[in-house]
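One letter stands for each residue in the lines below.
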Amino acid sequence: MSRSSRRFRLEQVLRVRHLQRDIAAAAAGAAASRAVAARGAAESLLEEAATQSFADHGDANTFAAVVAARSASSSRYSEALAVVEEAEAASRAAQADWAHAQGRAKGLDRLAERHRAALVTADLKADQAVLDEAAGRARGRTAGIEGPAALDGSGAGSEGLDLDGGSDA
């Protein structure tokens, strides 16, 4: 088999698919990381809002300031929840893209594996043909040198054989 016919023809495509899979995996990881960070930020805002109290602050202006601060914290928390939802949706989309890229690469991986298996099979067949040929030659040399009479162990050799077609009488 020639060198070029032994190469997997879709090798470059397989490399591209592996690269696409790796890029999609990195994007999925980054999106998941952003979702975790957004969730952490939202939880932090919720804890901050929970620490604000309506304890007796004295006058009405102070009370109004505390109410305004709580309202602002509530708005920031609502916005943070929206960011969390967007980040989680982006993470799910990135995971889906990664799964799709992985599936595309896996199909070509199977083809490449079949190609490698076919090459191994062809190599084994070629090796077996060489061994069969060598064994056949060795058998022919052995039979030609010793002859069939030597194989029966009688020691008669070729005395009883008429090699020139004439009679012994």
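Since we're looking at a predicted model, the values are computed, not measured.

What counts and how
- Throughout this description, residue numbers start from 1 for each chain and increase along the sequence as written.
- Since the coordinates come from a predicted model, pLDDT governs what is reported: local features require at least 70, and pairs of side-chain atoms require 80 or more to be given and counted, while whole-chain, interface and lining totals use all residues.
- Side-chain numbers come from the whole structure's heavy atoms, not from hydrogens or water.
- Secondary structure elements follow DSSP: runs of H or I of four or more residues count as helices, runs of E of two or more count as strands, with numbering from the N terminus.
- Only protein chains enter the accessibility calculation, which uses a 1.4 Å probe. A residue is then buried if its area is under 20% of the maximum for its type, exposed if over 50%, and partly exposed in between.
- Note on contacts: a residue pair qualifies if any of its non-hydrogen atoms lie within 4.5 Å across the two residues.
- Residues form patches when they are more than 30% accessible in relative terms and have no salt bridge. Like charges link within 9 Å. Nonpolar side chains (Val, Leu, Ile, Met, Phe, Trp, Tyr) link within 5 Å.
- In short, Shrake-Rupley with a 1.4 Å probe defines the accessible areas, and a residue's cover is counted only from the protein chains shown.
- Throughout this description, the term salt bridge denotes a Lys or Arg side-chain nitrogen within 4 Å of a carboxyl oxygen of Asp or Glu.
- Only four residue types enter the charge count, namely Lys and Arg as positive and Asp and Glu as negative; His and the chain termini do not.

Novice: Is there a simple way to explain the overall build of the chain in this structure?
Specialist: When you go through the chain residue by residue, the secondary structure sums to three helices and zero strands. Reading the chain from its N end, one meets helices and strands in the order α-α-α. Taken across its 169 residues, the chain has 15% of its residues classed as buried. Taking contacts inside the chain between residues at least 6 apart in sequence as the whole, the part at least 24 apart equals 83%.

Novice: Can you walk me through a nonpolar patch on the surface in this structure?
Specialist: A surface patch of nonpolar side chains, about 200 Å² in accessible area, is lined by Leu10, Val13 and Leu111. Along the chain, Leu10 turns up in the loop between helix 1 (3-6) and helix 2 (11-51).

Novice: What is the right way to look at the pattern of salt bridges in this model?
Specialist: Once the charged atoms of two side chains with opposite charge are near each other, the side chains can pair. According to the stated counting rule, one finds eight salt bridges in the structure shown. With a closest N to O distance of 2.9 Å, Asp123 and Arg6 form a salt bridge. With a gap of 117 residues between them, Asp123 in helix 3 (residues 60-151) and Arg6 in helix 1 connect regions that are remote in the sequence. On the basis of relative accessible area, Arg6 is assigned to the partly exposed category, the value being 26%.

Novice: Mind showing me how you'd approach the environment of Trp98 here?
Specialist: With respect to the helices and strands, Trp98 occurs in helix 3. With relative accessibility at 28%, the residue Trp98 sits in the partly exposed group. The contacts of Trp98, once residues within four sequence positions are left out, are Arg21, Ala24, Ala25 and Ala28.

Novice: Teacher, can you tell me more about the side chain of Ser73 here?
Specialist: Structurally, Ser73 can be placed in helix 3. A residue is classified by how much of its surface remains accessible, and Ser73, at 3% relative accessible area, is buried. Ignoring anything within four residues of it in the chain, the contact list for Ser73 reads Glu48, Ala49 and Gln52.

Novice: Would you explain the side chain of Arg17 in this entry?
Specialist: The residue Arg17 is located in helix 2 in this model. There is no salt bridge for the buried Arg17, and the closest opposite charge comes from Asp109, which lies 9.6 Å off by N-O distance. Excluding anything up to four places from it in sequence, Arg17 contacts Arg104, Ala105 and Leu108.

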